[in-house]
Amino acid sequence: MKYGREILKGVEGYVPGEQPKMKNIIKLNTNENPYPPSPRVLQAVQEISTEWLRKYPDPVSLRLREAIAEHYGVAGPECVIAGNGMDDILAMAIRAFADPGDEILSPYPSYTLYETLANLHGSKMRYVDLDGEYQLPEQFYETKARMCFIPRPNAPSGVASGQKAMERLCREFNGLVFIDEAYADFADDNCLGFPRVFENAIIGRTFSKSYALCGLRLGFAIARPEIINELMKVKDSYNVNIVAQLGGVAALEDREHFKNTVSKIRNNRAWLTQALRDMGFRVLDSQTNFVLAHWKGAPSAKEIFEALRARAIIVRYFNARRLENAMRITVGNEREIEALIDALRAILSGEPMPPPDDAAATAVLV
Ligand SMILES: Cc1ncc(COP(=O)(O)O)c(C=O)c1O
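Residues numbered from 1 in each chain as written. Predicted model: local features only at pLDDT ≥ 70, side-chain atom pairs only at ≥ 80, totals over all residues. Heavy atoms only, no water.

Caption draft 1: Region of interest: the domain arrangement of the chain. For the chain, the assigned domains read domain 1 (17-35 + 256-365) and domain 2 (39-253). Measuring from the centre of the C-alpha atoms in domain 1 to the corresponding centre in domain 2 gives 27 Å. Carbon and sulfur atoms supply 54% of the area buried between domain 1 and domain 2, which totals about 2,200 Å² over both sides. One salt bridge in this structure joins arginine 322 and aspartate 129, with 3.7 Å as the shortest N-O distance. Linking domain 1 with domain 2 are 14 residue pairs in polar contact (both at pLDDT 80 or more). Residue assignment for the side of domain 1 that touches domain 2 shows that the elements contributing at least two residues are helix H11 (255-278) and strand E10 (290-294). (Domains from an automatic or database assignment. Buried area = accessible area lost by both parts, 1.4 Å probe. Salt bridge = Lys/Arg side-chain N within 4 Å of Asp/Glu carboxyl O. Polar contact = N/O pair within 3.5 Å; in protein donor to acceptor, adjacent residues only side chain to side chain. Helix = DSSP H or I, 4+ residues; strand = E, 2+ residues; numbered from the N terminus.)

Quick look at the structure:
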């Protein structure tokens, strides 16, 4: 591209998980919540006046940040920044804290957006492989970089590094530690208290998963005010729209709904994990709303993924090192898990594929 920037030559944009348009599919590929968001969110959105739509929203989302600070027991809104999804905050963090040419560290495998953002910024991604149990190896602590991104619990394995390991990392790492807690609400513990102890810790959160609000696009980060100030400098002027600001406050208010949804997903996760293990998959203990299911033998994991797809069930297959023999499966609702288990049993027992004129199957194959 003759008008393009030098830095962007050969850089690929991020490829999000597929969002098929067809109905009648079971979609377990992008870790959306199978249950609806709180009805209070819908009510808050419906009550938005034309006047609010006509005017610009609060550029610093103050009411929302106050609600987040109160809800999570943080000193005040000066310790919180809101974003257009956590992805927005990840991008801000690189813009605010890395210079082009700097190295950014992440465990491998992890959320692939970090690498895309680093490349777009002209920084260099440096990966250190997680060990066989998806824990941080010794080398991770020894590696120097400007900042590191660490999803905890990890995506795509679902495994959470121990709290002690995270504390050690914040103590010993020479740069900023961005702890991506996109899935922490499904986990047994979290690192929300870290910024109080470690000046280099930033905790990223999202409303997409546990609050079932992917479509609203709302995320936030908690850190010391000095860090939040730097992020504020680089954010887009009105980076959180009025619908998201009001919807987010309403979501936080409905504790009961949140607790029920998370608890259902945790129960479904235990059921799905056991069912997959019974079929011979190796499934790590997940702390998230998805599981990574490893499969060795014939048919291959990729063939199983394709056979599921032909039955209108979409899971995630990564054509990537260390993940060739695995599928990442979102924890769905009861009906979806039952359908997935039935389909897997049929595929593994060599049952013939559904006929090509089957409506759902052809829908996903076009
Ligand atoms: C590890 C991780 N971090 C961040 C995000 C982004 O979340 P959001 O929808 O708030 O942009 C995701 C989304 O899937 C994720 O998996």
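Caption draft 2: Layout of the sheet that holds strand E6 (residues 176-180). The 7 strands lie next to each other as E2-E8-E7-E6-E5-E3-E4, forming an open sheet whose pairing is mixed. The sheet is open, and its two edges are formed by strand E2 (80-83) and strand E4 (124-129), each paired on a single side. The sheet shows a mean angle of 25° between the axes of neighbouring strands, taken without regard to direction. Alignment of E2 against strand E8 (residues 219-222), held across 4 bridges, turns out to be antiparallel. Bridging from a neighbouring strand, isoleucine 81 pairs with alanine 221 of E8. (Pairing = 2+ DSSP bridges. Axes fitted to C-alpha atoms, helices over the stretch in contact; angles between N-to-C directions.)

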